[in-house]
Amino acid sequence: MKGKISGLSVKLIASVLLLSVLLCAAISYMGYREFTTVLEEEYNRSAYEIAETAKTYLNPDRLDYYLETGEIDQEYLDIQAKLDALVVSTDSYIIYVTKLSDNYTTSTYIFDSVHPDTGFTRYELGYTAQDMDPAYQEEVAEIMTTGERSAVYFYSYTQASGAHTTAAIPVENSAGEIVAFLGVEKAMTALENARSTYVWNVMGITMLAVALFLLVYIGFLRREVVSPILTIAGEAQRFAEDNVARLDLLEQIRKEDEIGTLARVIGKMETDIVQYVENLTAVTAEKERIGAELNVATQIQADMLPWIFPPFPDRQEFDIYATMTPAKEVGGDFYDFFLVDQDHLAVVMADVSGKGVPAALFMVIAKTLIKNHAQAGMAPSRVFETVNNQLCENNEAGMFVTAFLGILEISTGRFTYVNAGHNPPLAALGGQPYDWLPSKRSFVLAGMENVHYRQQEITLLPGDRLFLYTDGVTEALDPDNALYSDSRLQAFFNEVDLADKSLEEQLALLHQDIAAFAAGAEQADDITMLLLRINETDGRNENG
Amino acid sequence: MTITKNVDHNTLRITLEGRLDTNTAPQLEAELKSSTGGISELIFDFSGLDYISSAGLRVLLAAQKTMNKQGKMTILHVNETIMEVFEITGFVDILTIA
């Protein structure tokens, strides 16, 4: 990262620079203020000392005399000479002694010593000037009445003479009366130069210190803050791109502060994320495996149902066709048909309660038991009574099956059947339209032990048809949750022209009708149906 | 489906609204499992129930078996559609429908 100026560095340096400039300005201003105050006080103090010295040269009792007579005697000249010498020796600007008018607006000069370098000439004895600055009148009045020094010192700045300070003291005669006003003006020539030098020095030193500090501080920031953070940022970016945890760089940041914590946390996060992704991959793989197994299970379940048509190509006395369309997951519907012997055909239609793997497992048991017992030659009611009791054993899950079993004696057309809580089949008998096959009510299989199943019997003639189905047909839903219903099913068989259609085509048409009714609504339950037709025994076989 | 429970002494009254099918039956099964302890009379009010599937029947059968051991179970206000299901499946013979 060396040589490359990161956004973070720039921001940090800029903020420190800004802070330095503000600090420098503040220090310079305070220095300027302090310096000025101290120097001005010093100048003023020295002006007062000069004033006190000048006062000792005077003979206060004679001052009024000089003004009244205008006489300049030897004593006056001596005093003036002393004051002139004092002006020069103290490098003062002016020393003057004046008599002030009662309202302090005019001053009449008694002595006036001017420094030769100023180029001014002195005001002679008795010269009266309206020169009192109104701003100072109150101060002067205070001095003249109380004899005390002014709390503030006079300070003025003129273009011609620069800054100067004034000391003003009253002059008392031997009787203690204030008879004159003594002023000393001293130029503060040194102030300006010294002050700017001082301020520049302060600024220079501050800037130098700040610059040094900046260098050290930037180095510190780079090493302690910027560089580790850039490392962490770079590492995080790298991780975001390749998702491989690499802790070597992060572990180099061995710090006990927040940056160290950040580095450790990022490192932990990388490890955790990698771990998490691994777990997720494993879980996903497991889920895929289970999904694949479920697909196989569904396939096995479907394969358990007879699915080769025509199933008995050499039997021309009847045609049979059946389909099962599972809903989303593996379900519990099943149909079955098989020859018990050469003269008996068994047909089964059943629905296990619930869905999923439990229903599918229960279906396998139920189907196997029914087929085994039916093939043993038992009457349908006996088959169900036996199967029911067997299913009830160890049925902790409380599953049950609705089932219809019919056994056709092919030679006579005698059809013996039993209904364990299943939807009654539709039958078209003796050339009549389809109607519900009369079925005596019996309880479902596996619901309760020792249930008696009532057996019924009819005779099927050539041309008769029997339709078995599960509630997936009649309870198919449209988008408004309306049921396909028994009446629609009955109407389909009686109103659609099915005369020339094979059984397969008829069931396909029924499927289409249900799909049209559902209008895109999801299929909630398995749709299973079986169609049986008794043929004329002239050898015709329409099975598609 | 909405399940409303009311317990009065040893009587538990459950009012169902909506559809009792594969998706909602486990909900009722869990409710029953947690609330039938010590109950001697279980009353179902089906006036708001529109539909019952085989999964729902399974829960009712389990409830009936439980109540056979500890008291009685009655179902009230069964609509025509559901009554038909009870009749087809033979549940009318084992349930007390008032």
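Below you will find a few notes about this structure. (Residues numbered from 1 in each chain as written. Chains lettered and ligands numbered in written order. Predicted model: local features only at pLDDT ≥ 70, side-chain atom pairs only at ≥ 80, totals over all residues. Heavy atoms only, no water.)

Turning our attention to the overall build of chain B. The number of helices and strands found in chain B is three helices and four strands. Counting from the amino terminus, chain B carries its helices and strands in the arrangement β-β-α-β-α-β-α. The burial tally for chain B puts 49% of its 98 residues in the buried class. Contacts in chain B between residues far apart in sequence, at least 24 positions, make up 67% of those at least 6 positions apart. By element, 45% of the accessible surface of chain B is carried by carbon and sulfur atoms, the whole surface being about 4500 Å². (Helix = DSSP H or I, 4+ residues; strand = E, 2+ residues; numbered from the N terminus. Buried < 20%, exposed > 50% of the residue type's maximum accessible area, 1.4 Å probe, protein only. Contact = heavy atoms within 4.5 Å. Areas by Shrake-Rupley, 256 points an atom, 1.4 Å probe, with all protein chains shown as cover.)

Turning next to the sheet that holds strand 8 (residues 333–341) of chain A. Residue and element names in this part refer to chain A. What the five strands build is an open sheet, ordered 8-9-10-11-14; its pairing is antiparallel. Only two strands of the sheet have a single neighbouring strand rather than two, namely strand 8 and strand 14 (455–459). Adjacent strand axes in the sheet meet at a mean angle of 15°, parallel and antiparallel pairs treated alike. In the sheet, strand 8 pairs with strand 9 (residues 344–352) via eight bridges, with the strands oriented antiparallel. By the bridge assignment for strand 9, Asp-336 is matched with Val-348. This element, helix 8 (residues 356–375), spans strand 8, strand 9 and strand 10 (401–409) of the sheet and lies at about 15° to strand 8. (Pairing = 2+ DSSP bridges. Axes fitted to C-alpha atoms, helices over the stretch in contact; angles between N-to-C directions.)

Looking now at the interface of chain A and chain B. It is common to give the size of an interface as the accessible area that goes away when the parts come together. Contacts between the two partners involve 25 residues from chain A and, on the opposite side, 21 residues from chain B. Between chain A and chain B, a total of about 1800 Å² is buried, with carbon and sulfur atoms accounting for 59% of that surface. When the area that chain A buries against chain B is broken down by residue, the three leading residues are Phe-400, Arg-441 and Phe-443 of chain A, summing to 31%. Remark: the boundary between chain A and chain B carries five residue pairs in polar contact (both at pLDDT 80 or more). Of the residues in the side of chain A that touches chain B, the class split is 11 nonpolar, 10 polar and four charged. (Buried area = accessible area lost by both parts, 1.4 Å probe. Polar contact = N/O pair within 3.5 Å; in protein donor to acceptor, adjacent residues only side chain to side chain. Nonpolar A, V, L, I, M, F, W, Y, C, P; charged D, E, K, R; others polar.)

So, about the pairing of strand 15 (residues 465–469) of chain A. All names here are of chain A. The buried count for strand 15 comes to four of five residues, which makes it a mostly enclosed element. Inspection of the sheet shows strand 12 (residues 426–428) paired to strand 15 by three bridges, in the antiparallel sense. Paired with Ala-428 across the two strands is Arg-465, which belongs to strand 15. Note that strand 15 and strand 16 (residues 527–534) share five bridges and pair antiparallel. Bridged to Leu-468 within strand 16 is Leu-530.

A separate point is a nonpolar patch on the surface. Residues Met-269, Ile-273, Tyr-276, Val-277 and Leu-280 of chain A make up a contiguous nonpolar surface patch of roughly 450 Å² in combined accessible area. Along the polypeptide, Val-277 of chain A turns up in helix 7 (residues 258–304). (Patch = residues over 30% accessible without salt bridge, like charges linked within 9 Å, V, L, I, M, F, W, Y side chains within 5 Å. Salt bridge = Lys/Arg side-chain N within 4 Å of Asp/Glu carboxyl O.)

All right, on to the environment of Gln-506 of chain A then. Residues and elements named next belong to chain A. Structurally, Gln-506 is set in helix 12 (residues 503–518). The class for Gln-506 is buried, based on a relative accessible area of 3%. Not counting residues up to four positions away in its chain, the partners in contact with Gln-506 are Phe-492, Leu-498, Lys-501, Leu-531 and Arg-533.

In this structure, Phe-44 and Phe-86 of chain B are the most contacted members of the largest nonpolar core, which totals 88 residues. If sequence neighbours within four positions are ignored, Phe-44 of chain B has contacts with Ile-14, Leu-16, Leu-28, Leu-32, Leu-60, Ala-63, Met-73, Thr-74, Ile-75 and Leu-76 of chain B. Among the nonpolar cores identified, the runner-up in size contains 25 residues, and Tyr-48, Leu-125, Leu-182 and Val-184 of chain A belong to it. (Core = buried A, V, L, I, M, F, W, Y, C linked by side-chain atoms within 4.5 Å.)

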